[in-house]
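# Secondary and tertiary structure notes
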Amino acid sequence: MYDPVQLRTFLTVAQTLSFTQAAGRLGVRQSTVSQHVRRLEEATGRPLFFRDTHSVELTEDGEALLGFARTILEAHERAAAFFTGTRLRGSLRFGASEDFVLTRLPEVLEGFRHEHPEVDLELSVELSGVLHERLDAGRLDLVLAKRRGPGDERGRLVWRDRMVWIGAEGLRVDPERPVPLIVFPPPGITRARALEVLEREGRAWRIACTSGSLSGLIAAARAGLGVMAHTRGLIPPGLVRVSGLPELGPVEFALLQGGRPTPASEALAAAVLSGGDRLSRPA
């Protein structure tokens, strides 16, 4: 009933929230993406996306289909791997942004390890800015991190979201006093964005807490020490959006290859891309 090709297209649109970006990632025409989604909507009998000339959003039925689509595709890929008998070997240095500490990235990596037990996977969790530097220095093979900002089109887009201000419930930011910030140290991309937008709007700020770990920042925010810039879809439990501050704009997470791709790095890239919807929500 549900074509794996159409399901893969559906997941890609759901991750990028763009028919154009999905077409680019899949290497097909935008009309083909639209056709796949239309046929899947006909098969389910439900609209899967709200879309107009400016935006694409999942419907409630589209959200429901995410889990089913992932399960079907994973079963399809396991069967294909079993009958082709391919066995990947070698080592792979993979870097993931701190943003994914509280997501289902471990499930994606566990699935990869199960499918490719002879690949020695070395995981590094760092700030996105640090990962970019290590990739450029040849110390990592594959990186999942924030893009550095508008105009940065390196790598393959995994998913797009917006950045928002978050803090403890009930926290109010006094417009007459400097904004108390909870931030990663340099070269944190989120830190740079927060300072940039505040300075552009002429808002005074002060650093209330600096930590190299996401857990440290979350603890400070829950204690009410200040506000932090964070990806909208990954707001940790116990924290809420804070209003009255300048818009932070969009954020994009991408997969970047270092040097020449290998069968192992391509296999992990495929696993991350197919599991992108699990990375865009807290565990």
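Throughout what follows, the structure given in this document is the object of discussion.

Conventions adopted
- All residue numbers refer to positions counted from 1 along the written sequence of the respective chain.
- Side-chain atom pairs in this predicted model are given and counted only at pLDDT of 80 or more, local residue features only at pLDDT of at least 70, and totals for whole chains, interfaces and linings cover all residues.
- Side-chain metrics in this entry use all non-hydrogen atoms of the structure; hydrogen atoms and water are not considered.
- Exposed residues in this analysis have more than 50% of their type's maximum accessible area, buried residues have under 20%, and partly exposed residues fall in between, with area computed by a 1.4 Å probe over protein chains only.
- By definition, any uninterrupted DSSP run of H or I lasting at least four residues is a helix, any uninterrupted run of E lasting at least two residues is a strand, and each is numbered from the N terminus.
- To obtain the arc, one takes the directions from the helix axis to the C-beta atoms.
- Contacts are residue-level and defined by heavy atoms, with any inter-residue pair within 4.5 Å sufficient.
- Each axis is a line fitted through C-alpha atoms, taken for helices only over the stretch in contact, and angles between the N-to-C directions span 0 to 180 degrees.
- Between 65 and 115 degrees an angle is taken as roughly perpendicular, under 35 as roughly parallel, over 145 as roughly antiparallel, and anywhere else as oblique.
- Handedness of a crossing is defined here by the sense of rotation of the near helix relative to the far one, left-handed for an anticlockwise turn of less than a right angle and right-handed for a clockwise turn.
- Each residue gets one of three labels, nonpolar for Ala, Val, Leu, Ile, Met, Phe, Trp, Tyr, Cys and Pro, charged for Asp, Glu, Lys and Arg, and polar for the others, Gly among them.
- Only Phe, Tyr and Trp rings take part, Trp by its six-membered ring, and two of them pair if their centres are within 6.5 Å. Stacked means planes under 30 degrees apart, edge-to-face means over 60, and tilted covers everything else.
- The charge count treats Lys and Arg as positive and Asp and Glu as negative. His and the chain ends do not count.
- The salt bridge criterion pairs a side-chain nitrogen of Lys or Arg with a carboxyl oxygen of Asp or Glu, the two atoms within 4 Å.
- For two strands to count as paired, DSSP must find a minimum of two bridges between them.
- If you view a crossover with the strands going away from you and the path from the first strand over the helix to the second runs clockwise, you call it right-handed.

## Notes on helix 8 (residues 214-222)
Those residues of helix 8 that fall on the buried side of the exposure criterion are Leu214, Leu217, Ile218, Ala220 and Ala221. The arc enclosing the buried residues of helix 8, seen along the axis, measures out at 160°, which places them on a common side. Lining the buried residues of helix 8 we find strand 6 (156-168), strand 7 (179-183), strand 8 (205-210), strand 9 (228-231) and strand 10 (239-241). In the segment just after helix 8, Gly224 is the residue with positive phi, at about 80°.

## Some words on the packing of helix 1 (residues 4-16) against helix 2 (residues 19-26)
Each packed pair of helices is defined by two parameters, the angle between the axes and the distance between the axes. Relative to each other, helix 1 and helix 2 sit at 125°, their axes nearing to 8 Å. On the basis of their axis angle, the class for helix 1 and helix 2 is oblique. Considering how the two elements wind past one another, helix 1 and helix 2 form a crossing that is right-handed. Residue-level inspection shows Arg8, Thr9, Thr12, Val13, Gln15 and Thr16 of helix 1 in contact with helix 2, the latter providing Phe19, Gln21, Ala22, Arg25 and Leu26. Looking at the contact of helix 1 with helix 2 residue by residue, the class counts come to 4 nonpolar, 5 polar and 2 charged.

## Side note on the packing of aromatic side chains
One pass over the full model with this rule turns up 4 aromatic pairs. With a centroid separation of 5.5 Å and an interplanar angle of 50°, the aromatic rings of Phe10 and Phe49 are classed as tilted. In this pair, Phe10 sits in helix 1 while Phe49 sits in strand 1 (residues 49-51), placing the two residues 39 residues apart along the sequence. Judged by relative accessible area, which is 0%, Phe10 ranks as buried. Take Phe49: its relative accessible area is 5%, and that puts it in the buried class. The interplanar angle of 70° and the centroid separation of 5.2 Å between the aromatic rings of Phe100 and Phe253 together place this pair among those described as edge-to-face. With a gap of 153 residues between them, Phe100 in the loop between strand 3 (90-97) and helix 5 (105-115) and Phe253 in strand 11 (residues 250-257) connect regions that are remote in the sequence. Ring pairing ties together the aromatic residues Phe10, Phe19 and Phe49, which thus form one cluster.

## Structural notes on the environment of Arg38
With respect to the element layout, Arg38 can be found in helix 3 (residues 30-44). Each C-alpha atom of the pair Arg38 and Pro250 lies 28 Å from the other, and the pair is 212 residues apart in sequence.

## A closer look at the side chain of Arg193
Tracing the backbone shows Arg193 in helix 7 (residues 189-200). Although Arg193 lies buried, it forms no salt bridge, and the closest oppositely charged side chain, Glu196, sits 5.0 Å away as judged by the N-O distance. Beyond its immediate sequence surroundings of up to four residues, Arg193 is in contact with Met163, Leu248, Gly249 and Pro250.

## With respect to unusual backbone geometry
Cis geometry marks the peptide bond from Pro186 to Pro187, where omega comes out at 5°. Secondary-structure assignment places Pro187 in the loop between strand 7 and helix 7. Of note in this structure, Leu17 is not a glycine but carries a positive phi near 50°. Secondary-structure assignment places Leu17 in the loop between helix 1 and helix 2.

## So, the pairing of strand 3
Looking at chain direction, strand 3 and strand 4 (residues 119-126) are connected through 8 bridges and run parallel. The residue bridging Ala96 from the neighbouring strand is Val125, located in strand 4. In this fold, the crossover linking strand 3 to strand 4 by way of helix 5 has right-handed handedness. Two elements, strand 3 and strand 5 (residues 142-146), share 3 bridges in a ladder whose sense is parallel. Counterpart to Phe94 in the pairing with strand 5 is Leu142.

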